[in-house]
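Fold and contact review
The primary structure of each chain is shown beneath.
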Amino acid sequence: MERLHARYPFLDASRAAVEAAGIDLAELVVAGGPAVERGHERVERALMHGTTAAEEPRLWSVRAELLSYPIARVLVSLLDVPGAIEKYAAAEAATARERFVEDFEADLELKSAGGERLTLDRLLADFDLSGRVEAIGDGRFGLDVTAYLELAAALEEPQWRLARRPLSDGTVPVGRPALYTLLREAVGRRVRDGLPLSVPAEIEEPLSAELASLRRSIADIDPPMSFETVTPGLFPPCMRALLSRARDDGGLGRLTDHSRFSLVSFLLATGLDAEGVIALCDVPESDRGSVRAQIDRLADEDGPVAAPPSCVVMDEYGDCVNADDTCETIRHPLSYYETKLRQTPDDRVTDWRRQSETR
């Protein structure tokens, strides 16, 4: 097992290293120890902080770090919390992006690391992208159009639409930062693949303490997801700010991916449907199709599937603004909204949907 495997446990070589070591997952879980402890931390930090990086990296050996990945996949599968798998995969992908950007940039500066750094060529090969991504000079790359469409499929911002990209001979040119973002998407897709796992009882039972701890940790961020009224004036400051930006800056399409997800998932949880979100956010006609597509991915007939990010994550995004006294007492934007609705007299709560119908 190498440090590279521990930094990038989703690589084919990393999985092969685990298999070559002949480690039985059930025996590892029953024995407990560092790998299980780090697997627990991996999931907790993913759900609470949006990263899977260890809080104290020096505490963990290469072996514990690498083996924590399959254990984390087991734990997040057993949690059975809406949106947990998506948040976990996004955190793994975000952490991987930070690491491979560091490695790639060091490689560009010709800094030696004794094979401990990941190279761009190796990552491309691992995702079957060799020959589909070619350097074209000036820090730019040409992507086969099919590869581009696959990698950019979940990116909602207008600049990722193929219609807004130059296309020549079946190739889409992108800059280095854009390529890194597309590779992050590839990592997230691979991490999500196969989740949730079907976990046998002999593995689930020994992890009961870790699962109970995780459920306690996220209890405060398992927000209410059903409301009878939509009252924008009682939204938390972060959501009121995002709503103002969406209205003033030309629609939801102007927000970053994470800001748009935060706002849209919050509005769905308050009880709005797609048309309500579009109306409240004053979405221009040209952007309504992409907004409806995003909402289709976030909601089903029973309501929202993915909860909005917690206050901790909103803060890390830079979207936690104008915090007030109520913000000090809650850990999730929907909990703020629930608190404000409870504190406000009924005669002062006006449903926006009824107001809009009378205009």
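Only a predicted model underlies this, so the values are computations on that prediction, with no experimental measurement involved. (Residues numbered from 1 in each chain as written. Predicted model: local features only at pLDDT ≥ 70, side-chain atom pairs only at ≥ 80, totals over all residues. Heavy atoms only, no water.)

1. Notes on the overall build of the protein
Counting secondary structure elements, the protein contains 18 helices and five strands. Here the C-alpha atoms of the protein give a radius of gyration of 22 Å, agreeing with the 21 Å that 2.2 N^0.38 yields for 359 residues. Structurally, the protein occupies a C-alpha span of about 65 × 55 × 35 Å along its principal axes. Scored against the burial criterion, the 359 residues of the protein give a buried share of 48%. Contacts spanning at least 24 positions in sequence make up 73% of the contacts within the protein whose residues lie at least 6 apart. If you sum the accessible surface of the protein, you get close to 17,500 Å²; carbon and sulfur atoms cover 47% of it. (Helix = DSSP H or I, 4+ residues; strand = E, 2+ residues; numbered from the N terminus. Rg over C-alpha atoms; globule rule 2.2 N^0.38 Å. Buried < 20%, exposed > 50% of the residue type's maximum accessible area, 1.4 Å probe, protein only. Contact = heavy atoms within 4.5 Å. Areas by Shrake-Rupley, 256 points an atom, 1.4 Å probe, with all protein chains shown as cover.)

2. Thoughts on the packing of aromatic side chains
Counted under the stated rule, the structure contains nine aromatic pairs. With 6.1 Å between their ring centres and 70 degrees between their planes, Phe100 and Tyr180 make a pair best called edge-to-face. Note that Phe100 is positioned in helix H6 (residues 84-108) and Tyr180 in helix H9 (residues 176-192), a separation of 80 residues in sequence. Each member of the pair, Phe100 as well as Tyr180, is classed as buried. Relative to Tyr337, the ring of Phe235 lies with its centre 5.2 Å away and its plane at 75 degrees, an arrangement referred to as edge-to-face. (Phe/Tyr/Trp six-rings, centres within 6.5 Å; stacked < 30°, edge-to-face > 60°.)

3. Describing the pattern of salt bridges
Summed over the entire model, instances satisfying the criterion amount to 15 salt bridges. With a shortest N-O distance of 3.8 Å, Asp12 and Arg190 are connected by a salt bridge. On the criterion of sequence distance, the pair formed by Asp12 in helix H2 (residues 12-20) and Arg190 in helix H9 is long-range, its members being 178 residues apart. The residue Glu150 makes a salt bridge to Arg132 at a minimum N-O spacing of 3.6 Å. In this pair, Glu150 is assigned in helix H8 (residues 145-152) and Arg132 in the loop between helix H7 (120-126) and strand E1 (133-137), connecting sequence segments 18 residues apart. Taking relative accessible area as the criterion, Arg132 reaches 24% and is therefore assigned partly exposed. One network of salt bridges, with partners in common, ties together Arg38, Glu41, Arg42, Glu65 and Glu92. (Salt bridge = Lys/Arg side-chain N within 4 Å of Asp/Glu carboxyl O.)

4. Focus on empty space enclosed by the protein
One water molecule sets the probe size; rolling that probe over the atoms shows where empty space is left. Counted according to the given criterion, the structure contains two cavities of 30 Å³ or more. Approximately 50 Å³ is the volume attributed to the largest cavity. Lining of the largest cavity is provided by Glu156, Arg161, Gly253, Arg260, Ser290, Val291 and Gln294. Here the lining of the largest cavity gets three residues from one element, more than from any other, and that element is helix H15 (residues 288-298). Split into classes, the residues belonging to the lining of the largest cavity amount to one nonpolar, three polar and three charged. Put simply, the second largest cavity is a space of about 30 Å³. For the second largest cavity, the full set of lining residues is Arg7, Pro9, Phe10, Arg42, Thr52, Glu92, Thr95, Ala96 and Arg99. Ranked by residues supplied to the lining of the second largest cavity, first place goes to H6 with four residues. (1 Å grid on protein atoms, 1.4 Å probe; cavity = no way out; pocket = protein on both sides within 12 Å on 5 of 7 lines; lining within 4 Å. Points joined across faces, edges and corners; volume = space filled by probe spheres on them. Nonpolar A, V, L, I, M, F, W, Y, C, P; charged D, E, K, R; others polar.)

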